[in-house]
Amino acid sequence: SIWAGEDARVAVLAARLRERDHLCLYGPAGVGKSAVAARVVEQARDEGWAGAIWYCDLADCRTDDEVLLRVAWAVRHADPRVLSGDQMVEAVGRVVRSRGQQLAWFDNVDLAAPVLEGLLDTWTAETPGLRTLVTCRSRRSFVGGHAERVHPPDQQRAVELFTRMVGVRAQEWS
C-alpha cells in the first residue's frame, strides 16, 4: 500500500520518476492519488531535480481541443485561443521544449488520456528533461513510464485527508 511507510514510498516514487519519463498513479476515486502526486512533486522540488514545475487538471476535458487548450494555459502559452489543431500542438510543443528540465503534473486524465498519451510521447521524445506525473482511475501505459496503484489509506489517514480537504474547501468559500 502506498500509505504504509508513506514518506519512504513517496521517495521511491520520486526516484522512479527522476529515472523515467513518466509516472502514472492510478486507483479508484477518492483514494488520494492527487495527495500522493503532490507529495512526489514536493519531493522532486526539494531534491532539486524537477526544474520548472507545472500543473494541469484535465478532469473536465473531453475533446482534443479541450485538452490542448488546457495544456496551453498550464504552460502559459501567450493566447492559445487563436490557434487550433496542429498549430496548437506545435506551439505548445515549442514552449515545452524551450523549458528544458521540467516536471509536468497532469491530474485526472481519465477522459483525456488518449489525446494526452500521444502528446506526451511526442514531447518527451523531443524534450529529454521532461518528466510527467499523471493521476487517473485506470492504469495507463506511457512509453518509458511506470504505473503505480494507489490503495485506499487506513481509517486514520483517510480522516486526516478528509479533514485537510474540507479545511481547504472552507477557506476557498470564505
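Residues numbered from 1 in each chain as written. Predicted model: local features only at pLDDT ≥ 70, side-chain atom pairs only at ≥ 80, totals over all residues. Heavy atoms only, no water.

## Looking at the packing of helix α4 (residues 85-98) against helix α5 (residues 113-126)
Contact geometry for α4 and α5: axes closest at 10 Å, N-to-C directions at 40 degrees. For the element pair α4 / α5, the angle class is oblique. Remark: the crossing between α4 and α5 carries right-handed chirality. Note on element contacts: α5 touches α4 through Leu 119, Trp 123 and Glu 126, opposite Val 89, Val 92, Gly 93, Val 96 and Arg 97. Taken together, the residues that form the contact of α4 with α5 break down as five nonpolar, one polar and two charged. (Axes fitted to C-alpha atoms, helices over the stretch in contact; angles between N-to-C directions. Helix = DSSP H or I, 4+ residues; strand = E, 2+ residues; numbered from the N terminus. Parallel < 35°, antiparallel > 145°, perpendicular 65-115°, else oblique. Left-handed = near helix turned anticlockwise from the far one by under 90°. Contact = heavy atoms within 4.5 Å. Nonpolar A, V, L, I, M, F, W, Y, C, P; charged D, E, K, R; others polar.)

## Some thoughts on the packing of helix α3 (residues 64-74) against α5
In a pair of packed helices, the angle between the axes and the distance between the axes together describe the arrangement. Look at α3 against α5: their axes get within 10 Å of each other, and the N-to-C directions meet at 50 degrees. Here α5 runs oblique to α3, going by the angle between their axes. Between α3 and α5 the crossing geometry is right-handed. Here Asp 64, Val 67, Leu 68 and Val 71 of α3 come into contact with α5, specifically with Val 115, Leu 119 and Trp 123.

## Examining the nonpolar core
In globular proteins that are soluble, nonpolar side chains generally tend to be buried together. Judged by nonpolar contacts, the single largest core of 30 residues is most densely connected at Leu 58 and Phe 106. Elements that contribute at least two residues to this core include exactly β1 (22-26), β2 (52-57), α3, α4, β3 (102-107), α5 and β4 (130-136). Here this core takes six residues from α5, the largest share from any one element. If we ignore the near neighbours within four places in the chain, the residues touching Phe 106 are Trp 54, Cys 56, Leu 58, Val 71, Leu 116, Leu 120, Thr 132, Leu 133, Val 134 and Thr 135. (Core = buried A, V, L, I, M, F, W, Y, C linked by side-chain atoms within 4.5 Å. Buried < 20%, exposed > 50% of the residue type's maximum accessible area, 1.4 Å probe, protein only.)

## Section: the environment of Gly 145
Mapped onto the elements of the fold, Gly 145 is located in strand β5 (residues 145-149). Between the alpha carbons of Gly 145 and Thr 132 there is a distance of 9.0 Å; along the sequence they are 13 residues apart. With near-sequence residues (within four places) excluded, Gly 145 lies in contact with Arg 20 and His 22.

## Brief notes about the sheet that holds β1
The strand order across the open sheet formed by five strands is β2-β3-β4-β1-β5, and the pairing between neighbours is parallel. Both outer strands of the open sheet, β2 and β5, are each paired with one neighbouring strand and no more. Going from strand to strand, the sheet's axes swing by 15 degrees on average, the running direction of each strand aside. Two elements, β1 and β5, share five bridges in a ladder whose sense is parallel. Bridge assignment links Leu 23 to a residue of β5, and that residue is His 146. (Pairing = 2+ DSSP bridges.)

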